[in-house]
Structure formats: structure tokens, C-alpha cells
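Breakdown of the fold
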Amino acid sequence: MRRSLLLLSAGLTLLSTGLASAQNNTPRNLILFIPDGLRALKVNPDTAPAMAEVRDKGVNFKNPHSLFPTFTMANGSAMSTGHYLGDTGVFSNTIWTGYTSVPAGNTVVPFIENDEVLGDIDEHFGGNYLNEDTILKMARDKGYSTAALGKHGPTYQFDHTDKPEKAGLHSIVFDDATGGRHGVALSDEVKDALTKAGLPTATPPRGDNSKAGDAKTPGTTVANVAQQAYFADVAAKVVLPMFKARNKPFVLVFWSRDPDGSQHNTGDSLNQIKPGINGPTSMAGIKNADNNLAQLRRALDELGLTASTNIIVSADHGFSTISKESKTSASAKVDYDDTPKDFLPMGFLALDLAKALDLPLFDPNDKNAKVEGNKHPKAGNGVLGKDPEKPDLVVATNGGSDLVYLPNKKLAEKTIKALLQQDYVSGLFVEDSLGRFPGTLPLSRINLHGKAATPTPSIVVNFRSYASDCGEAPTNSSVQVADTVLRQGQGMHGSFSRGDTMNFMAAIGPDFKAGFVDELPVSNADVGMTAARLMGLRATQKGDLVGRVMSEAMPNGTVPKAYVGTLKSKPAEGGLTTVLNFQRIGSQRYFDAAGFPGRTLGLEQDAGKQKTAGK
Ligand SMILES: [Zn+2]
């Protein structure tokens, strides 16, 4: 009783101060810098001096959270709207949309890191597939200058609803597609400024950094330097000077593909767990992102904008080294042309489910061709059932976790039973409307059940993770089973490992405390909410799965109380239990790690038990 009263009062205090500060707020400029896939504890003055400086001189968010499934578009949707994924509907990077997306390659399971695909999905879901307004759109509606530069997909997602060809109705966007047929058009003002600055009007390609290699050829050994130097030059030499000249507040989003791209494709560790994503290529990727941040801060200094500009740095997710090992998977016992013997093939989840459920498997990335013999689905995705046009089950393959959709709900129990048999599974989350199943937790418990416009997955399957003995902090040594074309020893994310949920987060600027260590839990949904508050933006919210303003990091801001807790499912036959470690501030929950005990890095059986018992 006493505990619930305490919680209630903490929540109320937070609300009232929040309103007061919004009224008194003078809008300043904001730079949101996203070092894609940067692990919190990889940052130090040697590896990433600019990041370390923002963290150490500004706010060090020591208790950060990427949202599960820990993927790019999903966390981008949270940062751009302030909502959890149950509201934004961006459950991963590849989702089942329930219709055939032509620009995605005629598939029902589009990979959505693509402007043209996002436009197509928006059109299908009433003009805004996120179902919530983005901070960039709200900011430009309010008269701010707005721009988003960087990685294809999450960059455009920050301002994706108005047709870019309508001049004046859109943020300035530079991404991989700029200058190409499907790139967001540049205004004459921007083109002239590019010419004056001696910069091309098209984004250079990634070059060798895009080389993923294969089972016999190592991937890249270089960071994404040239492409990102272009984005940083455009920001520093064109966009920021233009915004300064307009003499009104601005928001600039910079989405650095590194270290993500270099960690994914790393050629340092072919088929070996070590050094995995702690090799020189990954470190070069971290340094590359850091150099971009340093260049933006120098530009702010030179333009006299430092004192009026807040900077939030938030990685979308952490990272793990890929394992392809399983003793239970039937698919790992088949020989494939492109997969080392005894390793899991790409698409192992679809293959294993097709076998366990005795259903035909078709490839939605290969014109629904039947997958037979020693073949695996081309992109890992699968549609299962007699008729691929009307599947019983769909697997959307992503990496450290996969999504299962059940157009035929009757398959739920059998599917869960099959998943519980696999040693690579660690934690199952089931859509609430399907009922309760021992060994699993409902999707609502991890904020994946909300007002999403896109179909909500039936089962979210988390994969096993553990710490390698590489000698670094456990969250820097995360290894995970991943459903991906990438190889053992390369990099992936998406799981409920603390290595994947522990993203780098820091902030600096006039509205943030200086030299402050924030011990409270914060998340990428909080980043969106805090950005909106800093700019005085008010969204008309459809869903209520929202982040909170990180008030404790602001001068005179409220410092709320946080609680630690653990949630456990009923044990399945055989004893497997999905355990969830969370923290809570008011009614808002933060998710640290989840899975079957012993199969998820950072998962504790009874976290918070002592604390709650003592209250
Ligand atoms: Zn990412």
C-alpha cells in the first residue's frame, strides 16, 4: 500500500513540473546525433573522444535503454515520436505488412530501411504508418528549420509523411538515396549552397564498407568514412550556416551509419567468435562516428551556436557478435552451399518451424517459390501453409530476434511448443489476444501491445545470448544467435541481451546539467519525449505507451524515484520460464533484459526482489 502511494506521488510531481517547464521554455536549437549501434561502455577518451566529452562534460546517462526488439527502425520510431513500439508499429526492421509491397521487391515482409518502401507503407496505412506525429514534422509545422542527414531509412522516418516533392513541405533530407531516382528532392536553395561549398549533389556510395563477405570471404576492413564525411560536410558547411542565416531555431538529426555498418560487416573474425565486433574494423567505425560528431560541434563553435544548441547523443541499440551454433536445430544438420557445416543457415527459424509444424515453406523474397531440399529462404523470411497467398504462419527474419505472425491463430500452441524445444530460443512474448501460454509473457508486458497501425506480431522470439571471454565488460562481449545472412564472428543486434539494450546515451547544452551522472533509467522513447519538450512541441497522441521527459538531467528538473523489478511467466512443461528484468519510474517501465535464465546475457533471476520486499 505504502509503495503504491509513493509511486503515485512521484508520477504526479513529474507531471506538474513538466507542465511548468514547458510554459517557461524558450525554444533552442537541437541536434540529435545517433551513432548507430554504439555500445555504451565502448566509449572512452581514446576510442571516441568527442562522445566521451559530451558524456563527461554534459549528462552521462548511465542506465540507458534501447527498446526491444533492439533494431534500428524500431528505435528510430521511438526517438522520432516518443512512443514505444506497440504504438509506432515498427516492431523490427523487417515486418509483415499483410499486403505485397512492390518497391520492397514484391514481398509481404518488407525490409523497411528504404525511403521508397516507407512511402509505400505510409500510403497503405492511411498516410502515416507510425500512427503518431514525428518531432521533425511537428517542429517544422511550428516554424523551426529542420533537417535529417544520414543512414537510409531511419533518417527519412523522422519526416516521412508529407510528399517530399512538394517544395517547402519537408525537412532537408540527405541519405544514401540523395541524388538518385528515389532520393528526397533537394531545393534550389540547398543545391546552390552545395555548389558554393564545393560539395556534390549526390551522396557517395559506401564502397568497401558495404562488403559483407560470405562463408569463405571476410567482410569489410574499412569504416564508412567517405560517405559519412559527405553528410558531416553537408551539415557543417551547408545546413548549419543556412539555419543560422535564417535566424530561427532549428532541429538537425544526424544518423551515423557507423559503427553499425562496420560492426555488421566486419571482416576481422570470419566464422570465429573472437575478436568478433571488438576488432579494428569495429573500432574504426566507432572513431568514424566520433569524428562526425566532433566536426558538428566545431561547426557550432565557429557559427557561434554552441550556447544556444542542445545536443542529445543516443545510439539506437547496442551490439553483439554473431553465433551460428545450435545442437537442437534440424536446419543446422542439413548441408547448404553457402553455410559452413553444422552452422545454422539463414532462415533457420522458418525452416525449423516448417518442419515441426509439418507445413510447406515458401519464400516471400523469391516469388513465393517452395523451399525444399538443401535450400534456405533467400532473406530468411518464410510464409508457411498450403497456400502461400493465404499463409497460416509468417516469419519476419531480423537478427537477434525474429517475428512470427499467425494469420491462423489455431497454430499458436503448437508453434510455442516447437519454439520451446530449441536451444537458440531465450524468451517468448505472445500477443495478448491469443491467450496465456506457460513459458511465455504477454506482449503488453514489454509495451509491444498498443495502437499500432501495422499488424502486431503474434509471437516475438528472442534468441540466446552470452558473454564471450574477451576480457571486456559483459555488455561489450555479448554473443548472440542471429537469424541473418551475416556470418559467425560478424555483428548483429535485436535481442534482449543487455549488450543489445545498453546503448550509448549522453547530452550537453544549455538545457542540460553539466558534469551530471544520471543513474535513473532512460530510453529511446524518452529521447523523443525530451526532444519534444525542449522544443515546446505538443503531439496529439493516439497511443499512451509514451516515454518520459528526462527532467532529472535538466537544471532545476524533478528527480523522480525508480524501482527495480522482475516478472516471471509460469513455467512451461519442462520448466522453461520467460523472465523479464525491468525498472520503473511512475507507471513507465524500462526493460533491461529478458529470456530463459542462463540463456540471456545480463538476465538476473530475481533482480529487485530484495528492494521490493523491503518497502
Ligand atoms: Zn541500428
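Residues numbered from 1 in each chain as written. Predicted model: local features only at pLDDT ≥ 70, side-chain atom pairs only at ≥ 80, totals over all residues. Heavy atoms only, no water.

1. What about the overall build of the protein chain?
The secondary structure content of the protein chain amounts to 16 helices and 23 strands. Its C-alpha atoms give the protein chain a radius of gyration of 23 Å, within 12% of the compact-globule value 25 Å for 615 residues. Seen through its C-alpha atoms, the protein chain measures out along the principal axes to roughly 65 × 60 × 50 Å. Put simply, of all contacts in the protein chain between residues at least 6 apart along the chain, 71% involve residues at least 24 apart. Carbon and sulfur atoms make up 51% of the accessible area of the protein chain, which amounts to about 22,600 Å² in all. Of the charged side chains in the protein chain, 64 are positive and 64 negative, and the gap between their average positions amounts to 5 Å. (Helix = DSSP H or I, 4+ residues; strand = E, 2+ residues; numbered from the N terminus. Rg over C-alpha atoms; globule rule 2.2 N^0.38 Å. Contact = heavy atoms within 4.5 Å. Areas by Shrake-Rupley, 256 points an atom, 1.4 Å probe, with all protein chains shown as cover. Lys, Arg positive; Asp, Glu negative; His and termini not counted. Charge placed at Lys NZ, Arg CZ, Asp CG, Glu CD.)

2. Side note on the domain arrangement of the protein chain
Often, the extent of an interface is quoted as the loss of accessible area on bringing the components together. When the domains of the protein chain are assigned, the result is domain 1 (32-90 + 129-321 + 496-553) and domain 2 (322-490). The centre of domain 1, based on its C-alpha atoms, is set 29 Å off from the matching centre of domain 2. The interface of domain 1 with domain 2 comprises 42 residues on the first partner and 38 residues on the second. Each partner contributes to the roughly 3,200 Å² buried at the junction of domain 1 and domain 2, and carbon and sulfur atoms together form 56% of this total. A salt bridge links Glu 472 to Lys 42; the shortest N-O distance between them is 2.8 Å. Where domain 1 touches domain 2, the interface holds 23 residue pairs in polar contact (both at pLDDT 80 or more). Only helix H4 (85-88), helix H10 (260-265), strand S7 (320-323) and helix H14 (498-501) provide two or more residues apiece to the side of domain 1 that touches domain 2. Class assignment for the residues of the side of domain 1 that touches domain 2 results in 16 nonpolar, 18 polar and 8 charged. (Domains from an automatic or database assignment. Buried area = accessible area lost by both parts, 1.4 Å probe. Salt bridge = Lys/Arg side-chain N within 4 Å of Asp/Glu carboxyl O. Polar contact = N/O pair within 3.5 Å; in protein donor to acceptor, adjacent residues only side chain to side chain. Nonpolar A, V, L, I, M, F, W, Y, C, P; charged D, E, K, R; others polar.)

3. Examining the side chain of Asp 260
Of note, Asp 260 is situated in helix H10. For Asp 260, the residues in contact, after removing those within four places along its chain, are Asp 36, Gly 37, Thr 72, Lys 151, His 317, Phe 319 and His 493.

4. A word on the packing of aromatic side chains
The geometry of an aromatic ring pair is captured by the separation of the ring centres together with the interplanar angle, meaning the angle of the planes. Within the structure shown, the criterion is met by 14 aromatic pairs. When the ring of Phe 174 is compared with that of Tyr 230, the centres are 6.2 Å apart and the planes differ by 65°; the resulting orientation is edge-to-face. Here Phe 174, found in strand S4 (residues 172-174), pairs with Tyr 230, found in helix H9 (residues 225-246); they are 56 residues apart in sequence, far enough to count as distant. Here Phe 174 matches Tyr 230 in class, with each residue buried. Chaining the aromatic ring pairs together yields one cluster made of Phe 68, Phe 429 and Phe 496. Above the plane of the ring of Phe 516 lies Lys 513, whose end atom (NZ or CZ) is 4.3 Å from the centre. Directly above the ring of Phe 582 sits Arg 589, whose terminal nitrogen or CZ lies 5.5 Å from the centroid. (Phe/Tyr/Trp six-rings, centres within 6.5 Å; stacked < 30°, edge-to-face > 60°. Buried < 20%, exposed > 50% of the residue type's maximum accessible area, 1.4 Å probe, protein only. Lys NZ or Arg CZ within 6 Å of the ring centre and 35° of its normal.)

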